[in-house]
Amino acid sequence: MSDSDDLTPLDHTSNTTPEMNNFESLSPEEVNKATAAPKVEEPAKPFSMWGGIQSIVVAAFLLASLFTLFSPTNLFSGEMLERAIQAWRSNPDSGSVPDVLVTAEANTLPIGIVAGHWKNDSGAVCPDGLTEAEVNLKIATLVQQNLINEGYKVDLLEEFDERLSLYKGIALVSIHADTCEPIHDEASGFKVAAAVHSVNPEKASRLTLCMADRFQSATGLTYMPNSSSNDMTYYHAFDEIHSETTAVIIETGFLNLDRQILTEKPELIAEGISNGLLCFIRNEKVSLTEETQTP
Ligand SMILES: [Zn+2]
């Protein structure tokens, strides 16, 4: 604690003394008026009839002022006022809406980017030898570069990287791509999934929505919200990382039908992932809703 902090209570004490002395020169009614005000916030204490009436008058005056302030022509809508009041109720000391999920302290941590299958196996393989691992690594490297350019610390991680154990980061995303098998005509699009047993489902849900929303905007690929497999939701890295690290896995597209964008426009794929992470980190608005991503 600094010296100035120590002085603060003393200042309060010295300020009240002259005020108290001033009461001596006021009439009993004026003293009553002055002392009745705090009772508005302390209904538990017994109060006189006169004080009660005064409290009601004061409350009515405050309400009237509020409604004048937040008139329909005012910038503030009724909904905003309601939110502000709710925020104030839950935390009267701050006037802000408490929806900030990523704190300033968390922003000093790195962002983890797992290049799926890197240094472990090839992942999906196409008939001509194109591997999921090489596609993933190219995208992951571009995402890392984008986020470094935005001023973040970024760890590019292998599939079974030693650093994944209790990994502490603002967020972590594992980048994969879907099979190259020509399954059917609809084997196109991307999937995003968070851990099934996330300790902070609210944050996990927000990162999922941010990722899906921004990825869709950047790539134009179809979001496949209901098709996240067990392989995704029970992804091994989700159990290894620190429980406070919010993580998702993304299947960026199918190596067969989405091959062109995955291999020829990896910068668009990377932009979608980078923007998804930034949306989460910076608490940006998302147009996708919860309903569209229920597994
Ligand atoms: Zn994979």
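Keep in mind that this is a model prediction, so the values were computed, not measured.

Caption draft 1: Here's a closer look at the overall build of the chain. Along the chain, the regular secondary structure elements total ten helices and five strands. Among the 295 residues that make up the chain, the fraction classed as buried is 29%. A separation threshold of at least 6 residues defines the contact pool for the chain, and within that pool the share at least 24 residues apart is 74%.

Caption draft 2: Spotlight on the confidence of the model for the chain. On average, residues of the chain score 76 in pLDDT, and 62% of them reach the 70 mark or higher. Confidence over residues 1-28 falls short of pLDDT 50; this stretch has three contacts with residues more than four positions distant or in other chains. Note on residues 30-45: pLDDT under 50 across the span, and 16 contacts to partners over four residues away in sequence or across chains.

Caption draft 3: Spatial organisation of the environment of S198. Along the polypeptide, S198 turns up in the loop between β4 (191-194) and α6 (201-219). Classification of S198 by C-beta neighbours within 10 Å gives partly exposed; the count is 19. C-alpha of S198 to C-alpha of A247: the two residues are 49 residues apart in sequence and 8.8 Å apart in space.

Caption draft 4: Molecular detail of α6. Between its first and last C-alpha, α6 extends 26 Å over 19 residues, near the 27 Å set by a 1.5 Å rise per residue. Listed in full, the buried residues belonging to α6 are A204, R206, L207, T208, L209, C210, M211, A212, D213, R214, F215 and T219. Looking at the buried side of α6, the elements it contacts are β3 (171-178), β4, β5 (246-254), α9 (259-264) and α10 (266-281). In the stretch just after α6, G220 is the one whose phi turns positive, near 75°.

Caption draft 5: Broad picture of α10. Look at α10: 23 Å from first C-alpha to last across 16 residues, which is about the 22 Å you get at 1.5 Å a residue. Burial in α10 covers these residues: P266, I269, A270, G272, I273, S274, N275, G276, L277, F280 and I281. On its buried face, α10 is in contact with β1 (111-115), α5 (132-149), β3, α6, β5 and α9. Backbone geometry just after α10 places N283 at a positive phi near 55°.

Caption draft 6: Local environment of the sheet that holds β3. Read across the sheet, five strands follow the order β2-β1-β3-β5-β4 without closing on themselves; strand pairing throughout is mixed. Of all the strands in the sheet, just β2 (154-157) and β4 have a single pairing partner and so form its edges. Strand-to-strand twist in this sheet, taken as the mean axis angle between neighbours without regard to direction, amounts to 20°. Pairing of β4 with β5 involves four bridges; the strand directions are antiparallel. What sits directly across from K191, in β5, is E251. Against the sheet, α6 contacts β3, β4 and β5, and its axis sits at roughly 30° relative to β5.

Caption draft 7: Broad picture of the packing of α5 against α10. Interaxial distance between α5 and α10 falls to 8 Å at its minimum, and their mutual angle equals 50°. Relative to α10, α5 is oriented oblique. Crossing hand, α5 versus α10: right-handed. Judged by residue contacts, K138, I139, L142, V143, N146 and L147 of α5 engage P266, E267, I269, A270, E271, I273, S274 and L277 from α10.

Caption draft 8: Spatial organisation of the nonpolar core. Core analysis: the largest hydrophobic core is formed by 56 residues, its most contacted members being I113, A171, V248 and I250. Excluding residues that lie within four positions of it along the chain, V248 makes contacts with V173, V192, A193, A194, L207, T208 and M211.

Here is what the cut-offs are and how they apply
- Residues numbered from 1 in each chain as written.
- Predicted model: local features only at pLDDT ≥ 70, side-chain atom pairs only at ≥ 80, totals over all residues.
- Helix = DSSP H or I, 4+ residues; strand = E, 2+ residues; numbered from the N terminus.
- Buried ≥ 20, exposed ≤ 12 C-beta atoms within 10 Å, placed from the backbone.
- Contact = placed C-beta atoms within 7 Å.
- pLDDT = per-residue confidence, 0-100.
- Expected span 1.5 Å × (residues − 1).
- Pairing = 2+ DSSP bridges.
- Axes fitted to C-alpha atoms, helices over the stretch in contact; angles between N-to-C directions.
- Parallel < 35°, antiparallel > 145°, perpendicular 65-115°, else oblique.
- Left-handed = near helix turned anticlockwise from the far one by under 90°.
- Core = buried A, V, L, I, M, F, W, Y, C linked by C-beta atoms within 7 Å.

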